[in-house]
Amino acid sequence: MARNVERRAALADAGLRVLAATGARGLTHRAVDAEAGVPTGTASNYFRSRDALLGALGERIMERFAPDEGVLAELGAREPSLELFVDYLRYIVERTTRQPDLTRALIELRLEAVRRPDLARVLGDTLRRGYRDDVAFHIASGLPGGAFEVALLHYAMDGLLLDLLSTSIDAGFDPDEVIVAFVSRLVGGATER
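Summarised in this report is the structure supplied together with it. Please read all numbers here as calculations on a predicted model, not as lab measurements. (Residues numbered from 1 in each chain as written. Predicted model: local features only at pLDDT ≥ 70, side-chain atom pairs only at ≥ 80, totals over all residues. Heavy atoms only, no water.)

## Observations concerning the overall build of the protein chain
So the rule is basically this: Note on conventions: DSSP H or I runs of at least 4 residues are helices, E runs of at least 2 residues are strands, and numbering of each starts at the N terminus. A simple rule labels every residue: compare its accessible area, found with a 1.4 Å probe on the protein chains alone, to the largest value its type can have, and call it buried under 20%, exposed over 50%, or partly exposed in between. Using the Shrake-Rupley algorithm and a 1.4 Å probe, accessible areas are obtained, with residue cover drawn only from the displayed protein chains.
Each helix and strand in the protein chain was counted, giving 10 helices and zero strands. Its helices and strands taken in sequence order, the protein chain reads α-α-α-α-α-α-α-α-α-α from the N to the C terminus. In terms of its C-alpha atoms, the protein chain occupies a principal-axis envelope of roughly 55 × 40 × 30 Å. Split into buried and exposed, the 193 residues of the protein chain put 39% on the buried side. Of the accessible surface of the protein chain, which amounts to about 10,700 Å², a share of 53% is contributed by carbon and sulfur atoms.

## Topic: the pattern of salt bridges
It is possible for side chains bearing opposite charge to pair when their charged atoms get close. Here is the rule we go by: A side-chain nitrogen of Lys or Arg and a carboxyl oxygen of Asp or Glu constitute a salt bridge if their distance falls within 4 Å.
Evaluated as defined, the whole model comprises 14 salt bridges. Salt-bridge contacts for Asp176 lead to Arg90; the nearest nitrogen and oxygen are separated by 2.5 Å. Of this pair, Asp176 sits in helix 10 (residues 175-186) while Arg90 sits in helix 6 (residues 82-98), and the two are 86 residues apart along the sequence. Exposure remark for Asp176: the relative accessible area of 30% places this residue in the partly exposed category. By relative accessible area, which is 32% here, Arg90 ends up partly exposed. Between Glu112 and Arg115 there is a salt bridge; the shortest N-O distance is 3.1 Å. What makes Glu112 buried here is its relative accessible area of 8%. Residue Arg115 is classed as exposed on the basis of its relative accessible area of 55%. Within this structure, Asp13, Arg60, Glu63 and Arg64 form a network of salt bridges that share partners.

## Things to note about the packing of aromatic side chains
Two measures describe an aromatic ring pair: the distance that separates the ring centres and the angle between the ring planes. The cut-off we apply is this: Pairs were defined over the aromatic rings of Phe, Tyr and Trp, the Trp ring being its six-membered one, requiring ring centres within 6.5 Å. Orientation was assigned from the angle between planes: stacked under 30 degrees, edge-to-face over 60, tilted for the rest. Whether a charge lies above a ring is judged from NZ of Lys or CZ of Arg, which has to be within 6 Å of the ring centre and within 35 degrees of the ring normal.
With the rule as written, the count across this model stands at three aromatic pairs. On the numbers, 6.4 Å between centres and 50° between planes, the contact of Tyr46 with Phe47 is tilted. Ring centres 4.2 Å apart and planes at 15° place the aromatic pair Tyr88 and Phe137 in the stacked group. With Tyr88 in helix 6 and Phe137 in helix 8 (residues 117-140), this residue pair connects regions lying 49 residues apart in the sequence. By relative accessible area, Tyr88 is classed as buried at 6%. Here Phe137 falls in the buried class, since its relative accessible area comes to 12%. Taken together, the ring pairs in this structure connect Phe85, Tyr88 and Phe137 into an aromatic cluster. When the ring centre of Tyr91 is taken as origin, the NZ or CZ atom of Arg95, which lies over that ring, is 4.9 Å away.

## Considering the packing of helix 4 (residues 50-65) against helix 7 (residues 100-113)
Convention followed: Note on geometry: axes are lines fitted to C-alpha atoms, helical ones only across the stretch in contact, with angles between N-to-C directions running from 0 to 180 degrees. Note on terminology: angles under 35 degrees are roughly parallel, angles over 145 are roughly antiparallel, angles of 65 to 115 are roughly perpendicular, and the others are oblique. Put simply, a crossing is left-handed when the front helix is turned counterclockwise from the back one by less than a right angle, and right-handed when it is turned clockwise. Any two residues whose heavy atoms approach within 4.5 Å at even a single point are treated as in contact. Each residue receives one of three labels: charged for Asp, Glu, Lys and Arg, nonpolar for Ala, Val, Leu, Ile, Met, Phe, Trp, Tyr, Cys and Pro, and polar for the others, Gly being one of them.
At their nearest, the axes of helix 4 and helix 7 sit 10 Å apart, and the two run at 140° to each other. Taken together, the axis directions place helix 4 and helix 7 in an arrangement best described as oblique. Crossing of helix 4 over helix 7 shows left-handed handedness. The segment helix 4 lies against helix 7, with Arg50, Leu54, Leu57, Gly58, Ile61, Met62, Arg64 and Phe65 engaging Leu102, Thr103, Ala105, Leu106, Leu109 and Glu112. For the contact of helix 4 with helix 7, the residue count by class is nine nonpolar, two polar and three charged.

Written out as structure tokens, the structure reads:
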């Protein structure tokens, strides 16, 4: 069984590479098989439908983006400050830009979910869980603001990541400077809601 779990993960990783490189239109079971270097039909044995494949890719992205518990514990042990939240966002940007194709695949999946209700459900559940985890970290760390400010930061960070990993507006600002501004402007003056 462990071997099947490993094969499933390897196929999902191949699917993410295909998705990032060719977009949702290029994502087929055959393309996944070719990328993974396995016999034709292997991916369809693990993911019976296109929706099953897309859902598995959404789950796999979040597995691979999962934060290091040690880093979270280290951040969570610090005194509440805006600098702590800046460092938390820096860690998010580092994790999501370290593997740019993974973030591009997530963007592709989010767009594809607009047209596929089953994918929207699976991916939406996963994204909402990540947001709730970020709110919980924010509250547990004693940072100012709450769920609304964390949502604002998600919206802002999504835009920053889109700009960093796709066609950029080339505004010329250092991403770290942008992260500091996000925190100071969106959370710095926040009061509890």
